[in-house]
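Coordinates in review
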Amino acid sequence: MYFKSFLSIFIAIFFLNGCSTKGGPSSLLSYSSTISIEEINEALAKVFPIQKKSVVGSIGLKKALLRPAPKSDKVALSVAFSLKSFEIPEGIDGVLNISAGLRYDPKTKKIFLKELIPLGAQFSNASLSSYVSKSARSALSTIAMRELTDIEV
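None of these values were measured; they are calculated from a predicted model.

What follows deals with the overall build of the protein chain. Scanning the protein chain from N- to C-terminus turns up four helices and five strands. For the protein chain, the sequential pattern of α-helices and β-strands runs α-α-β-β-β-β-β-α-α. Burial status across the protein chain gives 33% buried among its 153 residues. Contacts spanning at least 24 positions in sequence make up 49% of the contacts within the protein chain whose residues lie at least 6 apart. Total accessible area on the protein chain stands at roughly 10,600 Å², and carbon and sulfur atoms take up 62% of it.

Structure below.
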């Protein structure tokens, strides 16, 4: 009888000690995973190019690159675009810089962009950029935000 109790206690201690983790008791139920920026950029590449027509002309979002932002809870997004308008029928290329947050959906287990804020656009041709109207710049930001909101990364 003494031997069975000793053996039961020994086995119980062995199993409880084997199941412990360094993170504490709550770490058995929590899970974390790291996704590299390269993986996110590869997923974003599958969504592009996006072509949209608006009142001011045709806007093409060519590709996007995501990178960590200086603010820890945000990401920076650089979107290459092409804008063709009445003023510039041959088109002008550029990069639109956007700040965004990330949202995780536990049901689908996917990450989405949220709360996009345009930070500005740089055009590749400085002399042609003066012909881009204010409404075209506004439409560019609005279309990019609308198309990229809730996009799966």
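For soluble globular proteins, nonpolar side chains are generally found buried alongside one another. With 31 residues, the main nonpolar core has L44, L77, V79, L113 and L148 as its most contacted residues. Secondary-structure elements contributing two or more residues to this core are α2 (37–45), β2 (57–68), β3 (75–85), β4 (92–105), β5 (110–123) and α4 (134–148). The element best represented in this core is α4, accounting for six residues. Excluding its chain neighbours within four sequence positions, the residues that come into contact with L44 are A64, L66, L77, I151 and V153.

Quick look at the pairing of β5 now. Two elements, β4 and β5, share 11 bridges in a ladder whose sense is antiparallel. By the bridge assignment, D105 is partnered in β5 with K110.

Right, let's talk about α4 for a bit. One turn of an α-helix holds 3.6 residues; hence residues three or four places apart share an orientation. Over its 15 residues, α4 extends 21 Å from the first C-alpha to the last, a length consistent with the 21 Å expected when each residue adds 1.5 Å. Tucked into the core, α4 has its buried residues touching β1 (50–54), β2, β3, β4 and β5. Positive backbone phi, approximately 60 degrees, marks D150, located one or two places after α4.

Here we come to unusual backbone geometry. Keep in mind that most residues, glycine aside, have a negative phi and that most peptide bonds are trans. Note the cis peptide between F48 and P49, where omega equals 5 degrees. Position of P49 relative to the elements: it lies in the loop between α2 and β1. In this model, K109 sits at a positive phi of 55 degrees, which is unusual for a non-glycine residue. Within the secondary structure layout, K109 lies in the loop between β4 and β5. Using a relative accessible area of 64% as the deciding quantity, one classes K109 as exposed.

Quick look at the pattern of salt bridges now. Where charged atoms of side chains with opposite charge meet at close range, the side chains can pair. Per the stated rule, a full pass over the model turns up five salt bridges. The salt bridge involving E115 is made with K74; its shortest N-O contact spans 3.4 Å. Separated by 41 residues along the polypeptide, E115 in strand β5 and K74 in the loop between β2 and β3 bring together distant segments of the chain. In this structure K74 comes out as buried when scored by relative accessible area, which is 16%. Linking E152 and K110 is a salt bridge whose minimum nitrogen-to-oxygen distance equals 3.5 Å. Placement of the pair is E152 in the segment after α4 and K110 in strand β5, with a sequence separation of 42 residues. Look at E152 and you get partly exposed, because its relative accessible area is 39%. Where salt bridges share partners, they join K74, K114 and E115 into one cluster.

Attention now moves to the packing of aromatic side chains. To describe a pair of aromatic rings, one takes the distance between the centres and the angle between the planes. A full pass over the atoms with the stated rule returns one aromatic pair. Centre to centre, the rings of F81 and F123 are 5.6 Å apart; their planes meet at 90 degrees, and the pair counts as edge-to-face. On the criterion of sequence distance, the pair formed by F81 in strand β3 and F123 in strand β5 is long-range, its members being 42 residues apart. For the residue pair F81 and F123, the accessibility class agrees, reading buried in each case.

Reading guide: rules and limits
Residues numbered from 1 in each chain as written. Predicted model: local features only at pLDDT ≥ 70, side-chain atom pairs only at ≥ 80, totals over all residues. Heavy atoms only, no water. Helix = DSSP H or I, 4+ residues; strand = E, 2+ residues; numbered from the N terminus. Buried < 20%, exposed > 50% of the residue type's maximum accessible area, 1.4 Å probe, protein only. Contact = heavy atoms within 4.5 Å. Areas by Shrake-Rupley, 256 points an atom, 1.4 Å probe, with all protein chains shown as cover. Core = buried A, V, L, I, M, F, W, Y, C linked by side-chain atoms within 4.5 Å. Pairing = 2+ DSSP bridges. Expected span 1.5 Å × (residues − 1). Salt bridge = Lys/Arg side-chain N within 4 Å of Asp/Glu carboxyl O. Phe/Tyr/Trp six-rings, centres within 6.5 Å; stacked < 30°, edge-to-face > 60°.

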